[in-house]
Amino acid sequence: MAADTALLADPEIASAIELVWHEADLLDRKEYREWDRLWAPGGRYVIPIDPQTKDYAATLNMVYDDDRMRRMRIERLTSGYSISAVAAARTVRTLSRFVVRHRDDAVIELGSAQVLVGHRREETFVLGADVTHRIRLDGAGPLIEEKVIRLINSDGAVNASGFLL
């Protein structure tokens, strides 16, 4: 679907964008259990290494989480027993440049740009990514069915442990 900004006025698309912004706020506040409630059953959280891949199951990924793995990751980040949880970065993320990639009665797929600024151990860092959110519309409200984060430096060394993208 083309980058038609008139689509952004559609109430369901506006609701999907609000969900993405709410998700970013929860992640910055490290409200991971609340974040998990934004997901549709069977939802996938993916950070591929290959920026062009669409077959995540058949390629190497930094993260390829289903419900179970996402909840295990949350447990590690919130239990206090993981080194990544102890040294967790503080983050502020901005998502913008929303484009409707697909729209039907059940699903909205949004593309956006994310800039994440983090601070950990006296160091500040920036991560940029193209993000795709597939939002399921059925039910009580919109839910995340799939989130794919294509880091601009995914094929290099990425130091992003201790928080969720």
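Draft legend 1. Expanded view of the overall build of the protein chain. Along its length, the protein chain carries four helices and six strands. Taken from the N to the C terminus, the helices and strands of the protein chain come in the order α-α-β-β-α-α-β-β-β-β. Taking as baseline every contact in the protein chain between residues at least 6 positions apart, the subset at least 24 positions apart corresponds to 58%. Per element, the accessible surface of the protein chain, about 8800 Å² overall, is 53% carbon and sulfur.

Draft legend 2. Highlighting the pattern of salt bridges. The final tally for this structure, using the stated rule, is 15 salt bridges. The partner of Arg37 in a salt bridge is Glu34, and the shortest N-O contact between them spans 2.7 Å. Residue Asp36 pairs with Arg70 through a salt bridge whose shortest N-O separation is 2.8 Å. With a gap of 34 residues between them, Asp36 in helix α2 (residues 32-36) and Arg70 in helix α3 (residues 67-79) connect regions that are remote in the sequence.

Draft legend 3. View of the pairing of strand β4 (residues 107-120). Among the 14 residues in β4, ten count as buried, and that is most of the element. Strand direction decides the pairing type here: strand β3 (residues 90-103) and β4, joined by eleven bridges, are antiparallel. Bridge pairing links Leu95 to Gln114 in β4. Bridging between β4 and strand β5 (residues 123-136) involves 14 bridges; their strand directions are antiparallel. Bridge assignment links Leu110 to a residue of β5, and that residue is His133. Hairpin connection, β4 to β5: the antiparallel pair is bridged by two residues, and Arg121 has positive phi, about 50 degrees.

Draft legend 4. Structural view of helix α1 (residues 11-28). Here α1 contains 18 residues, and its C-alpha end-to-end distance of 26 Å stays within 8% of the 26 Å for a straight helix at 1.5 Å per residue. For α1, every residue scored as buried is listed here: Ile13, Ala16, Ile17, Leu19, Val20, Glu23, Ala24, Leu26, Leu27 and Asp28. On its buried face, α1 is in contact with α2, β1 (39-48), β3, β4, β5 and β6 (143-151). Here α1 starts with a cap whose side-chain oxygen sits 2.7 Å from the backbone nitrogen of Glu12, and that cap is Asp10.

What counts, and where the lines are drawn
- Residues numbered from 1 in each chain as written.
- Predicted model: local features only at pLDDT ≥ 70, side-chain atom pairs only at ≥ 80, totals over all residues.
- Heavy atoms only, no water.
- Helix = DSSP H or I, 4+ residues; strand = E, 2+ residues; numbered from the N terminus.
- Contact = heavy atoms within 4.5 Å.
- Areas by Shrake-Rupley, 256 points an atom, 1.4 Å probe, with all protein chains shown as cover.
- Salt bridge = Lys/Arg side-chain N within 4 Å of Asp/Glu carboxyl O.
- Buried < 20%, exposed > 50% of the residue type's maximum accessible area, 1.4 Å probe, protein only.
- Pairing = 2+ DSSP bridges.
- Expected span 1.5 Å × (residues − 1).
- Polar contact = N/O pair within 3.5 Å; in protein donor to acceptor, adjacent residues only side chain to side chain.

Take it as geometry only, folks, not as evidence of what the structure does.
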